[in-house]
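What follows is each chain in one-letter form.
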Amino acid sequence: MSRVLVTGSAGRLGRSVVTALAAAGHEVIGVDTAPGTPQEAAATLPADLTDLGEAFEAVTRFRPQSVVHLAAIATPFSRSDAVTFRVNTQLAFNLCEASVSLGVGNLVVASSPTVIGYGAPGGWRPAYLPIDEEHPAQPWHAYSLSKLVAEQTMQAFARTATATRMAAIRPCFVIAPEEWAGAPTQSGHTVAERLERPEIAGASLFNYIDARDAAEMVIALLDHLPSLPRNGEVFFAGAADALATEPLADLLPKTVPGTEGLASSLTGTTPAFSSAKAERLLGWQAKRSWRTELS
Ligand SMILES: NC(=O)c1ccc[n+]([C@@H]2O[C@H](COP(=O)([O-])OP(=O)(O)OC[C@H]3O[C@@H](n4cnc5c(N)ncnc54)[C@H](O)[C@@H]3O)[C@@H](O)[C@H]2O)c1
């Protein structure tokens with residue numbers, strides 16, 4: 001058992017991470033500005049982690065072996081661009097600074113697949129499909145830019161940290177357990193509506209993941225961080241299939257013109273994002289799919 005501090009512990013992903021870590025025998029400390037951290041947490045601290053002093057105090061007070069940093073403005077365009085960029089980049093810097101300065105052993109930072117740039121109004125086409133971690137990043141809005149900066153902040157710290165092992169996770173479009181039963185997903189629409197009408201699916205047509213699978217990936221990362229060959233790796237975490245009833249080879253060209261040739265390998269249930277790196281280095285694979293979870 002170890003002590004793990006989870007930021008954003010009351011959020012859509014944070015709740016599943018707290019529950020999974022506690023079930024795996026860890027002592028979990030939840031830190032969030034909002035209430036709602038699951039009761040499995042051994043302690044909670046309301047704190048605004050954009051304040052470096054509060055970030056240092058949280059880590060100093062609980063002395064965790066690991067920090068899982070999820071807190072963020074997590075929905076693109078939900079706040080002004082200036083606020084989204086400032087809050088998310090400040091949060092990443094503060095958690096890296098506090099974790100490294102105070103000798104935390106493991107740090108996981110939440111990034112996002114939006115760094116790739118899909119949906120750009122000026123037209124965007126992938127360099128290749130399925131997209132993996134080597135694909136160029138082309139953020140086009142404040143949220144995706146803030147997440148790329150968060151990743152690069154983590155990697156800058158990783159270059160000099162001696163006691164802290166760290167990585168970033170790019171969770172695909174997160175679906176919380178209650179959303180399978182019909183609650184609205186992050187940016188509106190139920191899962192069933194997204195499946196029925198691919199034209200409104202947006203990000204979830206490219207990628208999705210059950211929040212519990214993402215939580216299991218966080219645990220796999222914490223287990224493997226000390227032995228990964230390189231500090232500061234980035235991992236996609238996505239379901240093994242696409243959130244679609246037709247192959248993406250047929251669907252993607254309808255929403256992203258010009259992808260006919262590129263998408264031709266996405267036959268059957270193949271998703272647009274690959275999590276092969278996580279499978280290779282962490283032994284992690286998503287267990288859940290809309291086919292197993294949708295009520
Ligand atoms: N939901 C997704 O589809 C998705 C996809 C990719 C990446 N992510 C990333 O995963 C992480 C978790 O996302 P989520 O869906 O659980 O988001 P969420 O909005 O449900 O939860 C984020 C939590 O962070 C907290 N928070 C925000 N600012 C804070 C601050 N200054 N100090 C302390 N706590 C603060 C919020 O109160 C909230 O509980 C985020 O970093 C997000 O960018 C999410």
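Residues numbered from 1 in each chain as written. Predicted model: local features only at pLDDT ≥ 70, side-chain atom pairs only at ≥ 80, totals over all residues. Heavy atoms only, no water.

S.K.: Just to check I follow, could you spell out the confidence of the model for the protein for this structure?
M.R.: Regions with low pLDDT should not have their predicted coordinates read in detail. Of the residues in the protein, 100% reach a pLDDT of 70 or more, and the chain-wide mean stands at 96. Here helix H8 (residues 203-206) stands out as the element of the protein with the lowest mean pLDDT, 87, in contrast to strand S1 (residues 3-7), whose mean of 99 is the highest. (pLDDT = per-residue confidence, 0-100. Helix = DSSP H or I, 4+ residues; strand = E, 2+ residues; numbered from the N terminus.)

S.K.: Looking at this structure, how should I read the environment of Ala214?
M.R.: With respect to the element layout, Ala214 can be found in helix H9 (residues 211-224). A C-alpha to C-alpha distance of 8.9 Å links Ala214 and Ile169, two positions 45 residues apart in sequence. The contact partners of Ala214, leaving out residues within four places of it in the chain, are Leu13, Ile169 and Ile209. (Contact = heavy atoms within 4.5 Å.)

S.K.: In this structure, what is going on with the sheet that holds strand S6 (residues 165-171)? I would like to understand it.
M.R.: Where strands meet in a sheet, backbone hydrogen bonds hold them as pairs that are either parallel or antiparallel. Taken in spatial order, the 7 strands make up an open sheet running S3-S2-S1-S4-S5-S6-S9, and their pairing is parallel. Sheet topology places strand S3 (43-46) and strand S9 (233-237) at the edges, where each strand pairs with a single neighbour. On average, each strand axis in the sheet is tilted by 20 degrees relative to the strand beside it, whichever way the strands run. Of the strand pairs in this sheet, S6 and S9 are connected by 5 bridges, and their pairing is parallel. From the neighbouring strand, Ile169 faces S9, where its bridge partner is Phe235. In the packing of helix H2 (residues 52-62) onto the sheet, contacts are made with S1, strand S2 (27-32) and S3, and the angle to S3 comes to roughly 160 degrees. The sheet strands contacting helix H3 (residues 81-101) are S1, strand S4 (66-69), strand S5 (106-110) and S6, and the helix crosses S4 at an angle near 180 degrees. (Pairing = 2+ DSSP bridges. Axes fitted to C-alpha atoms, helices over the stretch in contact; angles between N-to-C directions.)

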